[in-house]
Amino acid sequence: MKILCSGAIVSMFLLIGCSEKKPVDRMTDQQLHEYANELAHKFIITDGHVDLPFRLKESNYTPDSIAILVSAKKGDFDFERAKKGGLSAPFMSIYIPASYQKKADYGKSLADSLIDMVDGITKQLPDKFALAKTPADVDANFKAGKISLPMGMENGAPIGKDLSNVKYFHDRGIRYVTITHGKDNQFCDSSYDTLHTWSGLSPLGKELVKEMNRVGIMIDISHVDDSTFYQVMRLSKAPCIASHSSCRFYTPGFFRNMTDDMIELLGKNDGVIQINFGSTFLDSAVRAQNEKNRKKLQAVLKTKNLKSTDSLAKPIVEQFKKENPSHYADVETVANHIDHVVNLAGIDHVGIGSDFDGVGDSLPTGLKDVSGYPNLIYALLKRGYSEGDIEKLCYKNVWRVWNKVEEVAKASTMK
């Protein structure tokens with residue numbers, strides 16, 4: 001049996017220095033499940049990316065419907081399921097679609113409204129949720145039995161062309177910024193775009209990196225193109241995160257994921273990649289099969305002169321899905337990605353970035369909502385990860401980066 005300890009693969013006979021607390025190899029399957037659930041609640045679990053705010057906006061959420069945050073039948077997140085799964089600190093994604101980049105305020109008003117929403121949730125349910133602007137805040141909330149709601153902004157477009165807005169959003173509670181999203185913006189190029197507007201960072205984007213370092217906001221390189229990534233690595237004085245990305249090794253040609261070289265360099269810069277749970281991010285074969293089904297459905301609808309959004313198309317789509325079910329990755333596939341990062345960069349440079357509420361109906365078997373984290377811990381324990389490894393992956397790796405970013409910012413203000 002192999003055990004992963006501090007980033008290196010060693011045999012069961014070389015466990016000196018590992019933090020294994022229980023003889024996992026002698027546990028029954030039921031005992032291992034119970035142990036995984038115990039660890040999920042013993043340790044803080046931070047998830048780098050949960051798209052709850054925008055999902056609520058799209059469903060016309062109002063403060064009067066606050067009950068759905070406690071228990072909901074729709075979506076991937078609510079308090080009850082989060083507690084069941086041990087989720088302690090989901091980063092609320094303040095998601096700004098690329099279409100908002102074209103607005104006069106670059107989407108700033110949308111960002112403010114989503115931040116107000118998260119703030120309102122913590123005020124309406126103060127016994128269940130609390131804001132968190134530092135790792136210490138999360139630690140205190142965890143001890144009090146509350147779920148922390150730190151925030152990250154997905155797409156830096158709302159910063160506009162006035163970099164004083166970096167501090168503005170920091171003051172509002174934003175603790176990471178994904179520099180762009182699905183299209184090139186004023187700061188950099190996107191992995192999903194084909195224009196390559198800036199060949200990486202724009203001149204303003206280079207200044208943005210420096211300002212985020214100075215203010216103390218984590219730079220998130222999910223969604224950026226490869227050129228932008230390498231330029232950020234050269235410029236940033238603080239470690240960076242990929243809040244919700246996976247390994248391109250398993251998805252050749254899917255540029256949204258990170259190459260082995262990128263993962264290694266992110267690790268050398270003391271950063272963390274937080275693994276995305278979307279099946280598209282995890283398994284190219286699953287992605288290809290689902291794309292085949294999508295094109296097949298489009299062809300069926302075309303013969304009937306229908307669009308998928310037409311009311312008459314609904315029964316046809318439903319019947320098609322029964323006959324051609326979607327394909328999914330599974331929790332073991334997520335563990336494969338974690339293994340891959342550990343083998344490339346070490347256990348100190350991997351975390352969780354599910355993209356719950358952001359990847360639609362593509363979540364893997366065993367991780368369909370926020371109650372599923374113990375299933376991932378179970379899979380990792382079976383592979384020989386130690387209790388200390390699990391703790392790092394659940395939160396300590398991200399805490400290291402978060403704290404280091406704050407240290408860099410403090411040092412810059414003292415100069």
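You'll find the structure just up there.
Remember, it's a predicted structure, so these values are computed and weren't measured experimentally.

Enquirer: So what exactly am I meant to see when it comes to the pattern of salt bridges here?
Expert: Two side chains with opposite charge may pair up if their charged atoms get near one another. Here the structure, examined in full by the defined rule, presents 21 salt bridges. Among the ionic pairs, Lys128 bridges to Asp127, the shortest N-O distance being 3.1 Å. For Lys128, a relative accessible area of 18% gives the class buried. In this structure, the salt-bridge partner of Arg294 is Glu291, at a minimum N-O distance of 2.5 Å. Here Glu291 and Arg294 lie together in helix 11 (residues 284-303), a separation of 3 residues that amounts to about one turn.

Enquirer: Is there a simple way to explain helix 5 (residues 135-143) in this structure?
Expert: The periodicity of an α-helix, 3.6 residues per turn, causes residues three or four places apart in sequence to face the same way. Taken residue by residue, helix 5 has Pro135, Val138 and Asn141 as its buried positions. Along the axis of helix 5, the buried positions cluster into a sector of 120°, meaning they face one direction only. Of the residues in helix 5, the exposed ones pointing more than 90 degrees away from the buried face are Ala136 and Lys143. On its buried side, helix 5 packs onto strand 4 (89-95), strand 5 (129-131), strand 6 (147-149) and helix 15 (387-413). Within two residues after helix 5, Gly145 carries a phi angle of roughly 80°, on the positive side.

Enquirer: Is there a simple way to explain the side chain of Thr122 in this structure?
Expert: Along the chain, Thr122 falls in helix 4 (residues 108-124). One polar contact links the side chain of Thr122 to the main-chain carbonyl oxygen of Asp119, over a distance of 2.7 Å. Setting aside residues no more than four positions away along its own chain, Thr122 makes contact with Phe129, Ala130, Leu131 and Leu149.

Enquirer: Just to check I follow, could you spell out the environment of Gly346 for this structure?
Expert: Counting through the fold element by element, Gly346 comes out in the loop between helix 13 (331-345) and strand 12 (350-352). Spatially, the C-alpha atoms of Gly346 and Lys128 are 35 Å apart, while their sequence positions differ by 218 residues.

Calculation notes
- Residues numbered from 1 in each chain as written.
- Predicted model: local features only at pLDDT ≥ 70, side-chain atom pairs only at ≥ 80, totals over all residues.
- Heavy atoms only, no water.
- Salt bridge = Lys/Arg side-chain N within 4 Å of Asp/Glu carboxyl O.
- Buried < 20%, exposed > 50% of the residue type's maximum accessible area, 1.4 Å probe, protein only.
- Helix = DSSP H or I, 4+ residues; strand = E, 2+ residues; numbered from the N terminus.
- Arc of directions from axis to C-beta.
- Contact = heavy atoms within 4.5 Å.
- Polar contact = N/O pair within 3.5 Å; in protein donor to acceptor, adjacent residues only side chain to side chain.

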